[in-house]
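# Fold and geometry: a report
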Number of protein chains: 2
Amino acid sequence: MATSRLTAAAGQFRPVSLRRRGLVLERAILESALEQLSTVGWNALTMEGVAAGAQTGKAAVYRRWPSKEDLVADALRAGLPDLDEAPDRGGIREDLYELCRQVRAAMYSKPGFALRSVLYECDSGAAERFHGVIVQQVIEPSTRLFREVVRRGMERGDVRPDATSELVFDVIPGLMMYRSKVCGSEWTDEELAEMIDRIMVPLLRPVAG
Amino acid sequence: MATSRLTAAAGQFRPVSLRRRGLVLERAILESALEQLSTVGWNALTMEGVAAGAQTGKAAVYRRWPSKEDLVADALRAGLPDLDEAPDRGGIREDLYELCRQVRAAMYSKPGFALRSVLYECDSGAAERFHGVIVQQVIEPSTRLFREVVRRGMERGDVRPDATSELVFDVIPGLMMYRSKVCGSEWTDEELAEMIDRIMVPLLRPVAG
């Protein structure tokens, strides 16, 4: 039967026959690590499982990453969306909205989910290390962009000139983290718009008179 | 020597000789559970250890709490400070400041620390259960008080009448959670005052003109 022949033929492609090198293999390993994280989780993830998922041998993984902590940190780093360009749409309202959508995309990306599952599951030493990945990959870049957007609003005149407290840049990330943790909010477009119109615009608008 | 005689005498008080009943014994067990949580943590906490700390037998613990999840949930509930009275000092600024100090006291109380260590350490099923304790003991009461304080400000006139979005009441808890998690902030009085003066007052003040 056709099916059995196909199955038999597929059986002949042994992992070892895939001769990929350098970046291609590395990428396959990192993708396999993210896949393992989102299916079996941090505790059950093994270097062998990641190697199998990437159709390579365990040695190829260990050659690049000495431990699963190293591997997972790199997988998260490589997978999280870049947050490197501040929107510039001519108004604080529109810029904040666009930026919030970018932050949400990072939070709810596959690596974003993987990152949070890791933080719940792994022991506190490893959790601290991944906390560093969050700070470098999500917190710092998004704070930089919020700062840029607010600064541009001051120049344009739709942000009050004394909105300079560092806390201003933490209001949106704080609300997003809080509501997502406490209420399980997934931050629909409508909720993002409400946050901007009911919190950020009143907070940032120039004082009349 | 006096010391040795005291030590010898102390050795005669065996745990079994403590005949405490009802609420007194219950309280000793709950306190011992909090103590264990903050010293050995969730994973290493045992019913035997808690019983020993309360100078009672394991059976006395199991008679009241069938599992360590039940015991710890009750210990946290009993230990967390009450948040049940909204400050009323005649101004939104003063009321928010006082309320923030109460929330901080709950966050940084011994049961507050124990609660957070539990959430990091225990598996996700148990973590979800303790999440319920946080919501009932900390989140809901504090939101109720923030709402009360803001409502009184509207009546008095130092809060704009359209500050009615539910998100308004989440700004302070969101910032407190975010900065404490991400920057390890411990929220000094100065930081609380900055949050109120630079974020909450601009957000809530009536629009001039």
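Use the structure listed above.
Attention here is on the structure that accompanies the text. Here the structure is a predicted model, which is why all the values come from computation and not from measurement. (Residues numbered from 1 in each chain as written. Chains lettered and ligands numbered in written order. Predicted model: local features only at pLDDT ≥ 70, side-chain atom pairs only at ≥ 80, totals over all residues. Heavy atoms only, no water.)

## Some remarks on helix H6 (residues 68–79) of chain A
Residue and element names in this part refer to chain A.
- The terminal C-alpha atoms of H6, which comprises 12 residues, lie 16 Å apart, in line with the 16 Å expected from a rise of 1.5 Å per residue.
- For H6, the full list of buried residues reads Lys68, Leu71, Val72, Ala73, Ala75 and Leu76.
- Residues of H6 that are buried make contact with helix H2 (22–39), helix H3 (41–44), helix H4 (47–53), helix H5 (58–64), helix H8 (110–121) and helix H9 (124–156). (Helix = DSSP H or I, 4+ residues; strand = E, 2+ residues; numbered from the N terminus. Expected span 1.5 Å × (residues − 1). Buried < 20%, exposed > 50% of the residue type's maximum accessible area, 1.4 Å probe, protein only. Contact = heavy atoms within 4.5 Å.)

## Some remarks on the environment of Arg20(B)
Residues and elements named next belong to chain B.
- Relative to the elements of secondary structure, arginine 20 occurs in the loop between helix H1 (2–12) and helix H2 (22–39).
- Each C-alpha atom, one on arginine 20 and one on glutamate 148, is 42 Å from the other, the two residues being 128 residues apart in sequence.
- Apart from residues no more than four positions distant in its own chain, arginine 20 is found in contact with Leu25, Ala28, Ala54, Gln55 and Thr56.

## Here's the deal with the relation of the copies chain B and chain A
- Between the two copies, chain B and chain A, the superposition gives an RMSD of 0.1 Å; the rotation angle is 180 degrees and the shift along the axis is 0.0 Å. Taken together, the rotation angle and the small translation identify this as a two-fold axis.
- Mapped onto chain A, 100% of the interface residues of chain B are again interface residues, and the two copies thus contact each other with one and the same surface. (Least-squares fit on C-alpha atoms with pLDDT ≥ 70 in both.)

## Regarding the packing of helix H10 (residues 171–182) of chain B against helix H11 (residues 189–204) of chain B
Residues and elements named next belong to chain B.
- For the pair H10 and H11, the least separation of the axes is 11 Å and the interaxial angle reads 145 degrees. In the packing of H10 onto H11, the handedness of the crossing is right-handed. For the pair H10 and H11, the contacting residues are Val171, Ile172, Leu175 and Met176 in the first and Leu192, Met195, Ile199, Met200 and Leu203 in the second.
- Class assignment of the residues belonging to the contact of H10 with H11 gives a composition of nine nonpolar, no polar and no charged. (Axes fitted to C-alpha atoms, helices over the stretch in contact; angles between N-to-C directions. Left-handed = near helix turned anticlockwise from the far one by under 90°. Nonpolar A, V, L, I, M, F, W, Y, C, P; charged D, E, K, R; others polar.)

## Describing the state of the cysteines
Residues and elements named next belong to chain B.
- The final tally for this structure, using the stated rule, is zero disulfides over all chains.
- Take cysteine 183: it sits in no disulfide, and the sulfur closest to it among the cysteines is that of cysteine 100, at 16 Å.
- Overall, cysteine 183 belongs to the partly exposed group, its relative accessible area being 47%. (Disulfide = S-S within 2.5 Å.)

## Let's talk about the pattern of salt bridges
- Taken as a whole and judged by the stated rule, the model has 42 salt bridges over all chains.
- A salt bridge links Glu94(A) to Arg93(A); the shortest N-O distance between them is 3.8 Å.
- Classification of Glu94(A) as partly exposed rests on a relative accessible area of 35%.
- Taking the shortest distance from any N to any O, the salt bridge between Glu98(B) and Arg89(B) comes out at 3.3 Å.
- When its relative accessible area of 55% is taken as the criterion, Arg89(B) is described as exposed.
- Three or more residues joined by partner-sharing salt bridges are found here, namely Asp88(A), Asp95(A), Glu148(A), Arg151(A), Arg152(A), Glu155(A), Arg156(A) and Asp158(A). (Salt bridge = Lys/Arg side-chain N within 4 Å of Asp/Glu carboxyl O.)

## So, the interface of chain B and chain A
- Opposite the 33 residues of chain B that make contact, chain A presents 33 residues.
- Each partner contributes to the roughly 3100 Å² buried at the junction of chain B and chain A, and carbon and sulfur atoms together form 65% of this total.
- Of all residues in chain B, the largest losses of buried area upon contact with chain A belong to Leu167(B), Tyr178(B) and Arg198(B), amounting jointly to 22% of the total for that side.
- Viewed at the interface, chain A and chain B are joined by two salt bridges.
- In this structure, the salt-bridge partner of Arg179(A) is Asp170(B), at a minimum N-O distance of 2.7 Å.
- Linking chain B to chain A there are 12 residue pairs in polar contact (both at pLDDT 80 or more). (Buried area = accessible area lost by both parts, 1.4 Å probe. Polar contact = N/O pair within 3.5 Å; in protein donor to acceptor, adjacent residues only side chain to side chain.)

## Details of the packing of aromatic side chains
Residues and elements named next belong to chain A.
- Scanning the entire structure with this criterion turns up four aromatic pairs over all chains.
- A centroid spacing of 5.4 Å and a plane angle of 75 degrees characterise the contact between tryptophan 42 and phenylalanine 130, whose relative ring orientation is edge-to-face. Taken together, the residues tryptophan 42 in helix H3 and phenylalanine 130 in helix H9 connect sequence positions 88 residues apart. Of the two residues examined, tryptophan 42 and phenylalanine 130, each falls in the buried class.
- We note lysine 68 situated over the ring of tryptophan 42; from NZ or CZ to the ring centre the distance is 4.6 Å. (Phe/Tyr/Trp six-rings, centres within 6.5 Å; stacked < 30°, edge-to-face > 60°. Lys NZ or Arg CZ within 6 Å of the ring centre and 35° of its normal.)

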